[in-house]
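Summary of the model geometry
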Amino acid sequence: MQYQRESWSSYVGTYESLERIERLASENAVVIFSVSSCCMCHAIKRLFCGMGVNPTVYELDEDPRGKDMEMALTTLLGGRSATVPVVFVGGKLVGAMDRVMASHISGNLVPLLKQAGALWL
C-alpha cells in the first residue's frame, strides 16, 4: 500500500479539489481517499490488499486541505453524508464503501481491477 502525502496549499475550493481528485485518481490503477481513523476505510484497504492489489491511499485527515477534498468527494457522490472511503479504479469512480462491496459481491470488482492493471490473476 502506498501512502501519498502532498502539499495541497495551492488548491482552494471545490472546483480545484475536483480537478485534483480527477488527476490523482488517474495517476494509479487503484486510488482510495481515506481518513486514517475510519474503520470502513481500514476495511476497504484490507479488502484490496487481501486481493493482492496495492492501492494508492490519500489520507485526507493528514492533509491541511483534506476538508476541501472531502467536500469535493461529497459532490462526486451526489451529496451523501458518508464521504470516505471513496475508491477509483482505472481513473473511474467506483464509489464509497457500499458500491465497492456491492461490486465485490456481484463479481464485478475483479474484472475492473484486471482491466486497470491492478490485478494480474
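Refer to the structure presented above.
Since this is a predicted model, take the numbers as computed values, not measurements.

**Some details on the pattern of salt bridges**
Considering all chains together, one arrives at four salt bridges under this definition. The partner of K45 in a salt bridge is E59, and the shortest N-O contact between them spans 2.7 Å. Taken together, the residues K45 in helix α2 (residues 39–50) and E59 in strand β3 (residues 56–59) connect sequence positions 14 residues apart. As a salt-bridge pair, R65 and D68 come within 3.6 Å of each other at their nearest N and O atoms. Of the residues examined, R65 reaches a relative accessible area of 25% and is grouped as partly exposed.

**Remarks on α2**
Three or four residues apart is the spacing at which side chains of an α-helix point the same way, because the helix has 3.6 residues per turn. Look at α2: 16 Å from first C-alpha to last across 12 residues, which is about the 16 Å you get at 1.5 Å a residue. Turning to α2, its buried residues number three or more, namely C41, I44, K45, L47 and F48. When α2 is viewed along its axis, its buried side chains cluster within an angular range of 155° and face the same direction. In this structure, α2 carries C39 and G50 as exposed residues pointing more than 90 degrees from its buried face.

**Comments concerning the side chain of T83**
For T83, the location among the structural elements is in the loop between α3 (66–76) and β4 (86–89). By relative accessible area, T83 is classed as buried at 7%. Among the polar contacts listed, one links the side chain of T83 to the side chain of E70, at a separation of 3.4 Å. Beyond its immediate chain neighbours, meaning those up to four positions away, T83 contacts E70, T74 and L77.

**Examining the packing of aromatic side chains**
In this structure the tally under the stated criterion is two aromatic pairs. Ring geometry for F33 and Y58: centres 5.5 Å apart, planes at 20°, overall stacked. Taken together, the residues span a long stretch of sequence, with F33 in strand β2 (residues 30–34) and Y58 in strand β3 at a distance of 25 residues. Ring centres of F33 and F88 lie 5.8 Å apart, and the angle between their planes is 80°; on these two criteria the pair is classed as edge-to-face.

So, how was this worked out
Residues numbered from 1 in each chain as written. Predicted model: local features only at pLDDT ≥ 70, side-chain atom pairs only at ≥ 80, totals over all residues. Heavy atoms only, no water. Salt bridge = Lys/Arg side-chain N within 4 Å of Asp/Glu carboxyl O. Helix = DSSP H or I, 4+ residues; strand = E, 2+ residues; numbered from the N terminus. Buried < 20%, exposed > 50% of the residue type's maximum accessible area, 1.4 Å probe, protein only. Expected span 1.5 Å × (residues − 1). Arc of directions from axis to C-beta. Polar contact = N/O pair within 3.5 Å; in protein donor to acceptor, adjacent residues only side chain to side chain. Contact = heavy atoms within 4.5 Å. Phe/Tyr/Trp six-rings, centres within 6.5 Å; stacked < 30°, edge-to-face > 60°.

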